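This is what each chain is made of:
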Amino acid sequence: SSMSKYFTMIYGEIATDTTFRFFTAGHPPPIVFSDKHGRFMDIDPQLCAAFPPIGMQPSKDMIDQSATSSVLGFKSKYVINKWEIMGENDIMIICSDGLLEHSRGGETYYPKSLQDLICEVKNESAATICDAIQKDALSFNNQSDDISFIVIKRI
């Protein structure tokens, strides 16, 4: 109920056929490393519907909409993104903007440094890749924002 009380989140479900359905509220979309191509893949922005952080805008569906004002307007109904993009041994990283914007001087950690690291550890388990990212990101520079991430590997 206050613009100073909000949070970002991503919620997703992965089916056994590797279909990934998710929605994001103020959170960056996942990034996918292709084992076949040896790099992060460009994802069509049409597949990345995003919404403002939760708590910043009241929903258009709220019962008291006619009696409520909102400087930022009203939030549309969430759209579920559906990805069918992961091949064998591909790696998906769901992360906060703290990892994507992590930098030192004018150099950002993502995409180059993170991609270089993933190339080195891509044959390891998701847990080992996660540990390697944490160690590498913190050796790249001290963090200035929260850095949280999840590594999912298709095997």
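The coordinates are above.
Thresholds applied
Residues numbered from 1 in each chain as written. Predicted model: local features only at pLDDT ≥ 70, side-chain atom pairs only at ≥ 80, totals over all residues. Heavy atoms only, no water. Helix = DSSP H or I, 4+ residues; strand = E, 2+ residues; numbered from the N terminus. Buried < 20%, exposed > 50% of the residue type's maximum accessible area, 1.4 Å probe, protein only. Contact = heavy atoms within 4.5 Å. Areas by Shrake-Rupley, 256 points an atom, 1.4 Å probe, with all protein chains shown as cover. Pairing = 2+ DSSP bridges. Axes fitted to C-alpha atoms, helices over the stretch in contact; angles between N-to-C directions. Salt bridge = Lys/Arg side-chain N within 4 Å of Asp/Glu carboxyl O.

1. Examining the overall build of the protein chain
Looking only at helices and strands, one finds three helices and nine strands in the protein chain. Along the protein chain, helices and strands appear, N-terminal first, in the series β-β-β-β-β-β-α-β-β-α-α-β. When burial is assessed residue by residue, the protein chain has 31% of its 155 residues classed as buried. Counting contacts in the protein chain only where the partners sit at least 6 residues apart, residues at least 24 apart contribute 67% of the total. Carbon together with sulfur atoms contributes 50% to the accessible area of the protein chain, which is approximately 9,400 Å² in total.

2. Some remarks on the sheet that holds strand 5 (residues 81–83)
Taken together, three strands build an open sheet; the order of strands is 1-2-5 and the sheet is antiparallel. The open sheet has two edge strands, strand 1 (9–14) and strand 5, and neither has a second partner. Taken over all neighbouring pairs, the strand axes of this sheet differ in orientation by 25° on average, direction set aside. Inspection of the sheet shows strand 1 paired to strand 2 (residues 20–25) by six bridges, in the antiparallel sense. The residue of strand 2 that forms the bridge with I14 is F20.

3. Some details on the sheet that holds strand 3 (residues 31–34)
Strand pairs in the sheet, formed through backbone hydrogen bonds, run parallel or antiparallel to each other. If you trace the four strands from one edge of the open sheet to the other, you get 4-3-6-9, paired in antiparallel fashion. Of all strands in the sheet, those bounded by a partner on one side alone are strand 4 (39–40) and strand 9 (149–153). As defined by bridge partners, strand 3 adjoins strand 4 across two bridges and the pair is classed as antiparallel. Bridge pairing links S34 to R39 in strand 4. Sheet strands touched by helix 3 (residues 126–140): strand 6 (91–95) and strand 9. Its angle to strand 9, the strand with the most contacts, is close to 145°.

4. Details of the pairing of strand 2
Of all six residues making up strand 2, five are buried, and the element is well covered by its neighbours. What sits between the antiparallel neighbours strand 1 and strand 2 is a turn of five residues, in which T18 has the positive phi angle 75°. Here strand 2 runs beside strand 5; their pairing, made up of three bridges, is antiparallel. Bridge assignment links F22 to a residue of strand 5, and that residue is N81.

5. What to know about the pattern of salt bridges
Counted under the stated rule, the structure contains four salt bridges. Taking the shortest distance from any N to any O, the salt bridge between E84 and K82 comes out at 3.5 Å. Of the residues examined, E84 reaches a relative accessible area of 54% and is grouped as exposed. Exposure remark for K82: the relative accessible area of 42% places this residue in the partly exposed category. A salt bridge links E107 to R104; the shortest N-O distance between them is 3.2 Å. Look at R104 and you get partly exposed, because its relative accessible area is 36%.

In short, geometric facts, not functional conclusions.
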